[in-house]
Amino acid sequence: MTPSPPTSRAGIRFGTAYYWEYQRSPDLKRDLDLMVQARIDTIRVGESVWSTWEPRDGVFDLDWMTPILDAAHERGMKVLLGTPTYAIPPWLQRKHPELAVVRADGRRIPWGARQEIDFTSPIFLRYAERVIRAVIGEHGGHPAVLGIQLDNEPGLLLIHNEPVFERFKGWLAERYGDVGRLNEEWGLTYWSHRLGHWDELWPPAGNTTPSYDLAWRRFQAELTSEFIGWQAGIVRGLVPEDRELTTCLAYQRPALNDVQLSEHLTVTSGNAYYLPQDALTRDDSTEVAWFATGPSGLLQAADRMYASKQRRYWVTETNATSIAVSQLNLPPYDGQLRQAAWALVARGAEMISYWHWHTLPYGAETYWGGILGHSQEPGRVYGEIAALGAELERAAEDVTGLTPDADVGFLFSHDDKWALTFQSPLTLDGRNPDRDAYERIQAAFYRGAIDAGRQVAFMSPAQFKRLPTVVAPALYCLSDEMAAELESYVRDGGHLILTFRSGYADEEARARSEIAPGPLRALAGVRYLEYSTLLEPVPLHGLGKQDTATFWADALEVEGAEALAFYDHHHFGRWPAITRHRVGDGTVTYVGTLPGRELTAELFKSTAGTGLVTTDAPRVTVHSAVNDRGERLWFAHNWSDREHTVTLTAPATEVTGDRQPLEPGPLRLAPFDVRVVK
Amino acid sequence: MTPSPPTSRAGIRFGTAYYWEYQRSPDLKRDLDLMVQARIDTIRVGESVWSTWEPRDGVFDLDWMTPILDAAHERGMKVLLGTPTYAIPPWLQRKHPELAVVRADGRRIPWGARQEIDFTSPIFLRYAERVIRAVIGEHGGHPAVLGIQLDNEPGLLLIHNEPVFERFKGWLAERYGDVGRLNEEWGLTYWSHRLGHWDELWPPAGNTTPSYDLAWRRFQAELTSEFIGWQAGIVRGLVPEDRELTTCLAYQRPALNDVQLSEHLTVTSGNAYYLPQDALTRDDSTEVAWFATGPSGLLQAADRMYASKQRRYWVTETNATSIAVSQLNLPPYDGQLRQAAWALVARGAEMISYWHWHTLPYGAETYWGGILGHSQEPGRVYGEIAALGAELERAAEDVTGLTPDADVGFLFSHDDKWALTFQSPLTLDGRNPDRDAYERIQAAFYRGAIDAGRQVAFMSPAQFKRLPTVVAPALYCLSDEMAAELESYVRDGGHLILTFRSGYADEEARARSEIAPGPLRALAGVRYLEYSTLLEPVPLHGLGKQDTATFWADALEVEGAEALAFYDHHHFGRWPAITRHRVGDGTVTYVGTLPGRELTAELFKSTAGTGLVTTDAPRVTVHSAVNDRGERLWFAHNWSDREHTVTLTAPATEVTGDRQPLEPGPLRLAPFDVRVVK
Amino acid sequence: MTPSPPTSRAGIRFGTAYYWEYQRSPDLKRDLDLMVQARIDTIRVGESVWSTWEPRDGVFDLDWMTPILDAAHERGMKVLLGTPTYAIPPWLQRKHPELAVVRADGRRIPWGARQEIDFTSPIFLRYAERVIRAVIGEHGGHPAVLGIQLDNEPGLLLIHNEPVFERFKGWLAERYGDVGRLNEEWGLTYWSHRLGHWDELWPPAGNTTPSYDLAWRRFQAELTSEFIGWQAGIVRGLVPEDRELTTCLAYQRPALNDVQLSEHLTVTSGNAYYLPQDALTRDDSTEVAWFATGPSGLLQAADRMYASKQRRYWVTETNATSIAVSQLNLPPYDGQLRQAAWALVARGAEMISYWHWHTLPYGAETYWGGILGHSQEPGRVYGEIAALGAELERAAEDVTGLTPDADVGFLFSHDDKWALTFQSPLTLDGRNPDRDAYERIQAAFYRGAIDAGRQVAFMSPAQFKRLPTVVAPALYCLSDEMAAELESYVRDGGHLILTFRSGYADEEARARSEIAPGPLRALAGVRYLEYSTLLEPVPLHGLGKQDTATFWADALEVEGAEALAFYDHHHFGRWPAITRHRVGDGTVTYVGTLPGRELTAELFKSTAGTGLVTTDAPRVTVHSAVNDRGERLWFAHNWSDREHTVTLTAPATEVTGDRQPLEPGPLRLAPFDVRVVK
């Protein structure tokens, strides 16, 4: 088969995972014809069935995919083909039981799901390379193939197998040189932990040392990146150069640094699952989960995907209907699938691919709903998706190459997440640690930015960009270098928002021995010698608002800053809750607590000129992005179940719906509606 | 000793478990004389003390039981003698540590309680047979012996010992022939699980495949049935033919199919534990536990026992006072013991035996209360039981051979319970699966039938009987054959009530690929392409009631059926919640949600003529049963703590109390009262 | 160095744990000078750093401590020097992995914290002795050394290592003689547990026998006592005779009998941690934790410490600011540190030592706050402590040798705690056992005594003293001998308060076979044949109060006693809830339930003459103690955040504050205030 380049086409790729091989009575023609009717132009195939590709050790069955690729090609559809390495076949697990991942507690994970293998093992890699070469070598050059997905949702587990732990010692030795330095840096005098040589390092199971844990998490994420990079190297040699290399990222995976891993990819792709129905009409959840809750949760997931490579990305999985488990079936309300898709488009998605085409009759995911249900009969969901496909097709020229606007930068880092998982600053029940504290704080400030009508770009310290406002929520392990860069940013006119815990520790997750907030003290114009958990919300006033302070209070003493908000409390009332400091041409806002929703939004209120579409309606968001022709599009979502109105400040053309010209003035948004104008 | 047949006597057997050997200062004569005073005529002995029967390997001490049997015989009492196999002696666990059950996680259960042995092991069976032959051979022929209890409450654990897993592979091979067929039926293409040969089957620990789990549960229940059958075979050869063979069933045991197991018994016996005090005056619990809560819970337990053999049964264990654990001591209020006993009698119990005679001073069950407490001094509970004994004795002729009436059949099956445990459709907390979903749905509909004044017979698909109404709550794995039988039943005039999840899957617990509800679609006159979890109750109206819908909503589209009830909701409102379809001479009611209590009862409201006793008082139930003289008795319970009145529609005689003739008209029921008339 | 006797000085020792070796940039001079300014006169050093003392097997580094001891000596400060045995170095855990403690489930505790070693192992003891001899031999005679702390917070774990279990069999054999007697005493006929010989004893993992568990707990506590005694023997030979021997006790440790262990010490020392902020202004928690909640919790902790040796004690650890975990940072409000210290002084503390000097930058306890925070900059907390140090110094003569007054004795015993942990009488959620039931009941009655203005002395049965009132809350395993002693106490005029569960079992934790309350029946003048859990509070009236009964109700029948309080309930109403019985010159109050707070306090209301300071203000406590000059001091605490007034009944001198003479009349207490007068 002669390879041909993937069609470079206008618009958004509209796709679905397609598992022909999972059907009890497959009908390839009917399936693909139904897809064409729904304007689905991309399918994702083959990543889960190693035991079908290679039913016995070294015996391959590769031909069954050819009719699928051909049928796609005939219809002008493209295919994302997966390497099947995340689910090993029974014969391999039986031949090499030592491949099973060992958990922290020393016990092997029993086989029966997927991703339960030590993918760092040379034994595994030998088998993995063979099947990759067979499958991708056979099909990677097919003209329908758009790109290769390398493994799937990597980083599910921290791998405690003995060889991995041995390798960790070497990793440490390389970084610290000798154990004396490790003793010093990690503070191993404490509790009699000083090592005499590397072999005395204790395994992670019983570890209580924060610096150790941070190193272990960094190391594990590196293993994952390295594995995907290794696959990329093999596949690159097997397919034409224009083929994309990607993998589907589940961003909550514990052994994942998406920024680092994405360096091995030509395009980032990931999951954008969300809780639909009422959860998507509101934005009041504080749940941190593998799925997004609320509009701000969905938007945040999109903005994080953009950040991996600071480029447009593919959504390889998003809700068709119910997601995951048998006890939680929540098909989206009418309009919500369309809302979610336009939100992702607004925030830089260049592919939206549903998981999956049809609900499976068996297996762990029997109740993960497809575009077609168990009966494979097109229903309401198919109808919604087909209408959306047509709408996106009509808007194709307008949405080509859309780059999302952003005026607020969110600094984020995996180090902080890991460090604050190990030593959480928050408790939800007054006793136990909230292991999601970092993400909970980040999400609260993100929602505040959205509530204030602003648009966010996430950036790791290495990706720092001087947006008008930059937030560093709970950036616990901030380096001196980053602190210096932040100061320069402020001096040059930036608005920096710091929060409690920002800069409290150093890059070894040690509490700093300077007066807090350490390297940010002079910049923020405040210091604190103590801080307190708030077991109950405390009234908080300031910035013209009455609200509450929750979870935390830094005992801020101003050193040049101006106090902006105050606790109403006999003890905490002596310290300001929020301060502002003018430095050079810029401003630093320091937030010593987690304010309520209203006050958090107030922090982000900007005097920047408003755009084409403005609103102050509740549960209505407006975003903008610029297409490859330099036109700016405005996306107005009414997430609620009531009608709302936004204001058009100038004449415009509608990109959604009937694509008519619009006069300035009020623009009606029906419940669950979204309207895009340019 | 010459065997003599057990006295075939009128009335209800009134009994207690009697553990003479557990007393610190036993007084056999006093105990049995106190029993005689309380009209206790049956004792249950010896099932827990293998280490007393056989203190050392092969050394038996059998004589200690003889005085007990003789003393019973002298008083005309009968004895249920147990084989002691459910609790192995220390010497055996030490000699054969490999007998300890291995849990799913691969770890052996530590010895120290009972039932922690792999009873399928040939080693165990050799020792078990020897002790059975010794004990039953010695005492089984004693004239006092009414029957033999084979083991005790079997099926506590799923046994994961290696030989059992090996046997499972053979069990599968026998059923599926070759692995190719297994791959096909279980859908093992999914997640790369296709097997090359049987040895590649993964152990249950990590299993995520629904069909696998269902097979594993069926297999485990078969092991339990087989073990009891094996004991029955041995014992049958040791005792006179008229001796009953039974075992005490705890119906919630995970490895139990009571219908299948009871084929090896001459009479079913089981536990009827319930939560007394306020829990028994109300009926508002949704708890699923090893004890019944509320009157409908107790009645349901009784009806389920009847179903095992579709015959009258023995209650070998029921509350004397507190049950189980030290932290939950709930002696019944005055009258509740009497209420419970009469309820069991009304629903087919031919023996009521209390567990146990005296509370034990030591051991795990120190706080499981007996008829006598720790002091062995007769108190209030003894008084209540003695009065009840006298009342039952006076009513003996009337209650002989009572067969309970039933006008509503409840189809039930272990397959559905197991399948919906593995893939639960419900969540109680909005996230996690409710592992008791099947029983919770069943119990809600059962309570509805009771609230509507109807009487229930449970029946497995194989026991199907054409009662005026038949309910199939959440009969998930319904076979095509059963669906056809249901259709025939309806065409011939039956009223079938189907619920959400009924017929959704097939006998492999695979979701069916037809349009739901699959084989019931034409019969129900509805179809649905989607369904939704209801995270919060949704208002529901219909059948003249305002109520709520909870947990679930099928998106019903009528295909010939009539819509009866509707959701008040912007999204779900488009679909009916309950429909009715006339088919032939019958009717099918389809219930797409779990309605509130009032509407559920409305589904069961019958136009059938009322009987001798009628009521619409809250927390009052009326049941009827026919004795061996063909007389119908009516049992009116006032479970509440307030006086209520029922109506006598014709002259009658009271069976309880002073056994006087009664005129038609109001009949007073004191709080916690029960009155039986004929 | 020539040993010199520790300065025998007036006043309270004021101290802190000082970990110079944990600092990243230590400044010994600055630290000790700051301490001197704050009147800190004692430091606690060296107990956690075996790997610093002995960095390699047999290689010691002992000199680093000398400058610290010298610097202290120069400033007239004293030092408590620890043996470093509770945290073994990495080289030892690697050389002897078998030292890791095995948990009940058979799995070794992974290394990485501390106290995870089987300290009974001869191998461990050999290494421990060597390091003790090195460190204490080198430094124990230094003139600054006040005493030696032996290990730290022992008894953290129940040790299930095989050699320990083997030893347990021998321990049993010694106590019971032969297995036949064990079978008899423990009731091993039950569930077929009769042993043929000692080797058949099952390990604790699966045990369900209460008597077994009690023996196992007693045995484990003995191991801990023995270990500390072993260290005491070694150290005694290494240091001058005047050196104190102690260890820091964490009273909630599961393998600890503090009374027994303290026999090996010259002075008891322990932790007095408490939850500050709002928890200390209220007294409404029912939480049982390793920290005290509420003023009564703190006072109870102090009184329990006094009880260990029935002598004054050292508080080796108490809050400087936040305690323990990263998610719970609660620095005390202004005044609370002072309140806590004066409360401890009032109740017999002769040293108050804060844990610790500075917050550590690393390690598991990064967020356990010191007097100085991470920045080591003196702040509010340092200021509070320095002011307190000055106040205590001014009051030195007055507080020397203070012996706390007590008029209520609380009988307590570890046996009862262990027995009621294994078979809890309470449930908090209506189903599961409350494993803290014993402490919860004890705490409720303790708070009642405090609410009634009384002062408590805890005493084990062996420490029994005839105080005016004696309470025996839930003294479940009461011996016949103790019962007889209680009777004698009552006959001679004492007031005994018995509660539900008191005397219900015997010393083997067997329920007694006599009519309850067994050996207390005649004394109490009541009996009961049943009891009930109260799943919901039941109204209760009596003693002039309307209150509620919770958790439990004994079905009391009076046999000579007078009924004092009654349930308002259709069922329980027939039995009194509280009774009083005159016996000889004394009185027995029997409390068959856990009354609400008001009624519990009423039980303790005394007609005894009031003292120098009286109050009936809420959240105000008054305590008294007598100093070595025979003067009585009165301590009035206002724990609340509002001003309150107490009454001075005679002229007095203030010991706190400005130490002025005071006229009789009202004495103002500011919020969070404490005033001491004499």
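What counts and how
Residues numbered from 1 in each chain as written. Chains lettered and ligands numbered in written order. Predicted model: local features only at pLDDT ≥ 70, side-chain atom pairs only at ≥ 80, totals over all residues. Heavy atoms only, no water. Helix = DSSP H or I, 4+ residues; strand = E, 2+ residues; numbered from the N terminus. Rg over C-alpha atoms; globule rule 2.2 N^0.38 Å. Buried < 20%, exposed > 50% of the residue type's maximum accessible area, 1.4 Å probe, protein only. Contact = heavy atoms within 4.5 Å. Lys, Arg positive; Asp, Glu negative; His and termini not counted. Charge placed at Lys NZ, Arg CZ, Asp CG, Glu CD. Buried area = accessible area lost by both parts, 1.4 Å probe. Salt bridge = Lys/Arg side-chain N within 4 Å of Asp/Glu carboxyl O. Polar contact = N/O pair within 3.5 Å; in protein donor to acceptor, adjacent residues only side chain to side chain. Least-squares fit on C-alpha atoms with pLDDT ≥ 70 in both. Core = buried A, V, L, I, M, F, W, Y, C linked by side-chain atoms within 4.5 Å. Phe/Tyr/Trp six-rings, centres within 6.5 Å; stacked < 30°, edge-to-face > 60°. Lys NZ or Arg CZ within 6 Å of the ring centre and 35° of its normal. Axes fitted to C-alpha atoms, helices over the stretch in contact; angles between N-to-C directions. Parallel < 35°, antiparallel > 145°, perpendicular 65-115°, else oblique. Nonpolar A, V, L, I, M, F, W, Y, C, P; charged D, E, K, R; others polar. Left-handed = near helix turned anticlockwise from the far one by under 90°. pLDDT = per-residue confidence, 0-100. Pairing = 2+ DSSP bridges. Right-handed = clockwise from strand over helix to strand, strands pointing away.

A.B. asks: Describe the overall build of chain A, and please don't skip the residues or the numbers.
C.D. replies: Secondary structure assignment for chain A yields 19 helices and 30 strands. What you see for chain A is a C-alpha radius of gyration of 26 Å, in line with the 26 Å of a compact globule of 678 residues. In terms of its C-alpha atoms, chain A occupies a principal-axis envelope of roughly 75 × 75 × 45 Å. Relative to its 678 residues, chain A shows a buried fraction of 67%. Sequence separation of 24 or more characterises 72% of the internal contacts of chain A that already satisfy a separation of 6 or more. In chain A, 66 side chains carry a positive charge and 89 a negative one; their mean positions are 1 Å apart.

A.B. asks: Pulling in residues and values, what's your account of the interface of chain A and chain C?
C.D. replies: The partner chain C presents 52 residues to the 56 residues of chain A that form the contact. Contact between chain A and chain C buries roughly 4500 Å² in total, counting both sides, with carbon and sulfur atoms accounting for 51%. Its largest share of buried area at the contact with chain C, chain A owes to A:Tyr190, A:Trp191 and A:Arg431, together 17% of the area lost on that side. Linking chain A to chain C there are five salt bridges. Between A:Arg431 and C:Glu287 there is a salt bridge whose closest N-O contact spans 2.5 Å. Across the chain A-chain C interface, the total number found is 26 residue pairs in polar contact (both at pLDDT 80 or more). Contributing elements (two or more residues each) for the side of chain A that touches chain C: helix H7 (179–186) and strand S17 (526–542) of chain A. When residues of the side of chain A that touches chain C are assigned to their parent elements, the largest contribution, eight residues, is made by S17(A).

A.B. asks: Pulling in residues and values, what's your account of the relation of the copies chain B and chain A?
C.D. replies: Superposing chain B onto chain A takes a rotation of 120° combined with a translation of 0.0 Å along the rotation axis, leaving an RMSD of 0.0 Å. Given the turn and translation reported, the copies of this chain are related as if by a three-fold rotation axis. Taking C-alpha positions as the reference, the residue of chain B nearest the rotation axis is B:Arg107, at 6.2 Å. Interface residue correspondence from chain B to chain A reaches only 2%, placing this contact among heterologous pairings that use different surfaces.

A.B. asks: Can you explain the nonpolar core? Please cite residues and give values.
C.D. replies: If you look at soluble globular proteins, the nonpolar side chains tend to sit buried side by side. Counting 656 residues, the largest nonpolar core has A:Trp342, B:Trp342 and C:Trp342 as the members making the most contacts within it. Not counting residues within four places of it along the chain, the set of residues in contact with A:Trp342 comprises A:Leu388, A:Glu391, A:Leu392, A:Ala395, A:Val399, A:Phe635, A:His637, A:Val655, A:Thr656, A:Val674 and A:Val676.

A.B. asks: Explain the relation of the copies chain A and chain C to me, and be specific about the residues and the numbers.
C.D. replies: You can overlay chain A on chain C at an RMSD of 0.0 Å; the transform is a turn of 120° with a shift of 0.0 Å along its axis. Little of the interface of chain A is mirrored in chain C, where only 2% of its interface residues are also at the interface.

A.B. asks: Provide a residue-level description of the pattern of salt bridges, including the pertinent values.
C.D. replies: Under the criterion given, the structure shown has 165 salt bridges over all chains. Among the ionic pairs, A:Lys95 bridges to A:Asp57, the shortest N-O distance being 2.5 Å. Of this pair, A:Lys95 sits in helix H4 (residues 90–95) while A:Asp57 sits in the loop between helix H2 (50–53) and helix H3 (66–74); the two residues are 38 residues apart in sequence, bridging distant segments of the chain. Classification of A:Lys95 as partly exposed rests on a relative accessible area of 43%. Judged by relative accessible area, which is 31%, A:Asp57 ranks as partly exposed. In this structure, the salt-bridge partner of B:Lys417 is B:Glu439, at a minimum N-O distance of 3.7 Å. Linking B:Lys417 in helix H15 (residues 414–422) with B:Glu439 in helix H16 (residues 437–451), this pair joins segments that are 22 residues apart in sequence. Look at B:Lys417 and you get buried, because its relative accessible area is 13%. In the salt-bridge network here, residues are joined through shared partners; they are A:Arg24, B:Arg181, B:Glu185, B:Asp506 and B:Arg510.

A.B. asks: Lay out the packing of aromatic side chains in plain terms, naming residues and giving numbers.
C.D. replies: Under the definition given, this model contains 141 aromatic pairs over all chains. Here B:Arg501 stacks its cationic end above the ring of B:Tyr531, 4.6 Å away from the centre of that ring.

A.B. asks: Describe in detail the packing of helix H11 (residues 294–309) of chain A against helix H16 (residues 437–451) of chain A, supporting the description with residues and values.
C.D. replies: Residue and element names in this part refer to chain A. The interhelical angle for the contact between H11 and H16, taken along N-to-C directions, is 100°, at an axis separation of 10 Å. By the criterion of interaxial angle, the relationship of H11 to H16 is roughly perpendicular. Where H11 approaches H16, its residues Ser296, Leu299, Gln300 and Asp303 are matched on the opposing element by Gln442, Ala443, Tyr446, Arg447 and Ile450. When its residues are assigned to classes, the contact of H11 with H16 shows four nonpolar, three polar and two charged.

A.B. asks: Please provide a residue-by-residue account of unusual backbone geometry, values included.
C.D. replies: Looking along the chain, the bond that leaves A:Trp355 and enters A:His356 is cis, with omega of 10°. You can see A:His356 is positioned in the loop between strand S11 (349–354) and helix H13 (380–394). Residue C:Pro517 is reached from C:Ala516 by a cis peptide bond, and omega for that bond is 0°. Along the polypeptide, C:Pro517 turns up in the loop between strand S14 (495–499) and helix H17 (521–524). Phi angles above zero are rare outside glycine, and A:Phe672 is one such case at about 60°. Assignment of secondary structure puts A:Phe672 in the loop between strand S29 (665–669) and strand S30 (674–677). Residue A:Phe672 is classed as buried on the basis of its relative accessible area, which comes to 9%.

A.B. asks: Give me the lowdown on the packing of helix H8 (residues 210–236) of chain B against H15(B), citing residues and values where you can.
C.D. replies: Residue and element names in this part refer to chain B. The geometry of H8 relative to H15 is characterised by a closest axis approach of 9 Å and an angle of 135° between their N-to-C directions. When the axes of H8 and H15 are compared, the pair comes out oblique. In the crossing of H8 with H15, the sense of the turn from one axis to the other is right-handed. Residues Pro210, Asp213, Leu214, Arg217, Arg218 and Ala221 of H8 lie in contact with H15, whose contacting residues are Asp415, Trp418 and Phe422. A per-class count over the contact of H8 with H15 returns five nonpolar, no polar and four charged.

A.B. asks: Hey, could you go over the confidence of the model for chain A for me, with residue numbers and the actual values?
C.D. replies: Residue and element names in this part refer to chain A. For chain A, per-residue confidence averages 96 on the pLDDT scale, and 98% of positions sit at 70 or higher. Here residues 1–8 is modelled with pLDDT under 50, and outside its nearest four sequence neighbours on either side it reaches 20 contacts, counting other chains as well. Model confidence for the complex: the whole-complex pTM is 0.96, and ipTM, which rates the interface, is 0.96.

A.B. asks: Please set out the side chain of B:Asp416 residue by residue, giving values where relevant.
C.D. replies: Along the chain, B:Asp416 falls in helix H15. Those residues in contact with B:Asp416 that lie beyond four places of it in its chain are B:Tyr438, B:Ala474, B:Leu475, B:Tyr476, B:Cys477 and B:Leu478.

A.B. asks: Residue-level account of the sheet that holds strand S11 (residues 349–354) of chain B, with values.
C.D. replies: Residue and element names in this part refer to chain B. Spatially, nine strands are ordered S5-S4-S3-S2-S1-S11-S10-S7-S6 in an open sheet, and the strand pairing comes out parallel. The open sheet is flanked by strand S5 (244–246) and strand S6 (248–249), the only strands paired with a single partner. Here strand S2 (residues 42–45) pairs with strand S3 (residues 78–82) via four bridges, running parallel. What sits directly across from Ile43, in S3, is Val79. Where helix H11 (residues 294–309) meets the sheet, it contacts strand S7 (269–272) and strand S10 (313–318), and its direction lies at approximately 135° from that of S10.

A.B. asks: Now, about the pairing of strand S16 (residues 495–499) of chain A: what can you tell me, with residues and values included?
C.D. replies: Residue and element names in this part refer to chain A. Among the five residues that make up S16, five are buried, leaving the element largely enclosed by the rest of the structure. Here S16 shows two buried faces, one formed by His495, Ile497 and Thr499 and the other by Leu496 and Leu498. In terms of strand pairing, strand S15 (residues 469–472) meets S16 through four bridges, oriented parallel. Each residue of the ladder has a partner; that of Thr469, found in S16, is His495. Tracing the backbone out of S15, into helix H17 (residues 480–491) and back to the parallel element S16 gives a crossover that is right-handed.

A.B. asks: An account of the environment of B:Ile132 is requested, with residue identities and associated values reported.
C.D. replies: Summarising the element assignment, B:Ile132 is placed in helix H5 (residues 122–139). Separated by 50 residues in the primary sequence, B:Ile132 and B:Gly82 have C-alpha atoms spaced 9.1 Å apart.

A.B. asks: Could you give an account of the interface of chain B and chain A, naming the residues involved and the relevant values?
C.D. replies: Taken together, the contacts link 56 residues of chain B with 52 residues of chain A. It is B:Tyr190, B:Trp191 and B:Arg431 that lose the most area in chain B upon contact with chain A, and together they represent 18% of the buried surface on that side. Measuring nitrogen to oxygen at the nearest pair gives 3.6 Å for the salt bridge that ties B:Asp105 to A:Arg107. Here chain B is connected to chain A by 25 residue pairs in polar contact (both at pLDDT 80 or more).

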